[in-house]
Amino acid sequence: MGRKIIVAIDGHSSCGKGTLAKNIARELGYMFIDSGAMYRVVTLYMIRNHFSIKDIIADPSILEDIRISFEINEQGDFYNTHLNGENVEMLIRNMEISKHVSKISTVDVIREFLVRQQRELGKNRGVVMDGRDIGTIVFPDAELKIFMTAQPEVRAQRRYLELTEKGVNADYDEILSNILERDQIDSTRANSPLVQAKDAIALNNTDMTREEQARLALTWAKGVIQAYASE
Ligand code: DC
């Protein structure tokens, strides 16, 4: 179907960016890339190896030992995040990583290291990437940009349900305060803060189901692809 585009999905923590991005990618036959997972892998690597932010700034070559890849599972329906060949998909989602990742993602050399890889992954287009700076910094020329948000309490409740359904012990208040703290750090950092790109479409999904969001975003994506096809 015509020319392939880049769909950039940015927004606040835990507002369903990944779910929406996966849905669009599946429907369009595009690759889905979770850029937040890449920041989480770096965080995991630093914690495991006892590297502080100061250590990384003093010697950015430490980052060169981190190889991130997305490997499809046996069923062929899910990409697991790998760190140097190890499947760390579950490990990078835990609260310990969530507590440290926003701070670590304020570091310039870490952002440069990851943005370079994200641009490489999208160089042939045909990708849906979600994050905080995809439409502003990573792919300012993305053909479709969506900026997602939802009420913090609603985001915390969804996250709480998701974790408890998986059998993970979760605490609603801890989740809510982590979300608020990450919103604050992500939106106020000096390098690539979370802001809505001028040409992004805002999507507040406080009162929307996943299906409604997917349907709407897919209509936008198909509209953009169609417009390029008839150029
Ligand atoms: O999407 P997530 O919650 O997994 O992202 C984890 C953290 O990584 C988030 O708090 C901020 C950071 N991040 C970023 O700075 N830029 C991105 N493109 C994606 C994530």
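Look up a bit, the structure's there.
Quick look at the structure, then. (Residues numbered from 1 in each chain as written. Predicted model: local features only at pLDDT ≥ 70, side-chain atom pairs only at ≥ 80, totals over all residues. Heavy atoms only, no water.)

Our next topic: helix 1 (residues 17-28). At 3.6 residues per turn, the α-helix brings residues three or four places apart onto the same side. Here helix 1 contains twelve residues, and its C-alpha end-to-end distance of 16 Å stays within 8% of the 16 Å for a straight helix at 1.5 Å per residue. In this structure, the buried residues of helix 1 make contact with strand 1 (6-11), strand 2 (31-34), strand 6 (127-131), strand 7 (144-149), strand 8 (201-204) and helix 9 (210-229). Where helix 1 terminates, the next one or two residues include Gly29, which has phi positive at roughly 70°. (Helix = DSSP H or I, 4+ residues; strand = E, 2+ residues; numbered from the N terminus. Expected span 1.5 Å × (residues − 1). Contact = heavy atoms within 4.5 Å.)

Close to the ligand lie 15 residues; Arg40, Ser102, Asp133, Arg182 and Arg189 are nearest. A distance of 2.7 Å is found between an oxygen atom of the ligand and a side-chain nitrogen or oxygen belonging to Arg40. In this structure, a nitrogen atom belonging to the ligand sits 2.8 Å away from a side-chain N or O atom of Asp133. In isolation the ligand exposes 450 Å². Once the protein is present, 96% of that is buried. Per element, the largest residue contribution to the shell around the ligand is four residues, and it comes from helix 2 (residues 35-48). Classifying every residue of the shell around the ligand gives three nonpolar, five polar and seven charged. (Near = heavy atom within 4 Å. Polar contact = N/O pair within 3.5 Å; in protein donor to acceptor, adjacent residues only side chain to side chain. Areas by Shrake-Rupley, 256 points an atom, 1.4 Å probe, with all protein chains shown as cover. Nonpolar A, V, L, I, M, F, W, Y, C, P; charged D, E, K, R; others polar.)

Here the structure, examined in full by the defined rule, presents one aromatic pair. On the numbers, 6.2 Å between centres and 20° between planes, the contact of Tyr45 with Phe51 is stacked. Looking at Phe51, the relative accessible area reads 27%, which means it is partly exposed. Against the face of Tyr228 rests Arg3, its NZ or CZ located 4.3 Å from the ring centre. (Phe/Tyr/Trp six-rings, centres within 6.5 Å; stacked < 30°, edge-to-face > 60°. Buried < 20%, exposed > 50% of the residue type's maximum accessible area, 1.4 Å probe, protein only. Lys NZ or Arg CZ within 6 Å of the ring centre and 35° of its normal.)

Our next topic: the sheet that holds strand 1. The five strands lie next to each other as 2-6-1-7-8, forming an open sheet whose pairing is parallel. What marks the edges here is a single partner per strand, and that holds for strand 2 and strand 8. For this sheet, the mean angle separating the axes of adjacent strands, direction not counted, is 20°. When strand 1 meets strand 6, the two strands line up parallel, connected through five bridges. Across the sheet, the residue bridging to Ile9 is Asp130, located in strand 6. Its contacts with the sheet put helix 2 on strand 2 and strand 6, and the angle it makes with strand 2 is roughly 40°. Contacts from helix 9 reach strand 7 and strand 8, with the element oriented near 160° to strand 7. (Pairing = 2+ DSSP bridges. Axes fitted to C-alpha atoms, helices over the stretch in contact; angles between N-to-C directions.)

A few words now on helix 7 (residues 152-165). Between the first and last C-alpha of helix 7 there are 20 Å, a value that for 14 residues agrees with the 20 Å anticipated at 1.5 Å per step. Within the span of helix 7, buried status applies to Arg155, Ala156, Arg159 and Leu163. Down the axis of helix 7, the sector holding all buried residues measures 95°, keeping them to one side. Looking at the buried residues of helix 7, the elements they touch are helix 8 (172-188). (Arc of directions from axis to C-beta.)

It is worth spelling out the sheet that holds strand 3 (residues 68-72) at this point. In space, the three strands of this open sheet follow the order 3-4-5, with antiparallel pairing throughout. Of all strands in the sheet, those bounded by a partner on one side alone are strand 3 and strand 5 (86-87). Packing against the sheet, helix 2 makes contact with strand 3, strand 4 (79-83) and strand 5, and its axis sits at approximately 35° to strand 4.

A word on the nonpolar core. General note: in soluble globular proteins, nonpolar side chains tend to be found buried as a group. Counting 33 residues, the largest nonpolar core has Val42, Ile66, Ile110 and Leu114 as its most contacted members. Elements represented by at least two residues in this core include exactly strand 1, helix 2, helix 4 (95-104), helix 5 (108-121), strand 6 and helix 6 (134-138). In terms of residue count, the dominant contributor to this core is helix 2 (eight residues). In contact with Ile110, not counting residues within four places along its chain, are Tyr39, Val42, Met46, Ile56, Leu63 and Ile104. Core analysis: the next-biggest nonpolar cluster, separate from the first, contains 23 residues, Ile5, Cys15, Leu20 and Leu218 among them. (Core = buried A, V, L, I, M, F, W, Y, C linked by side-chain atoms within 4.5 Å.)

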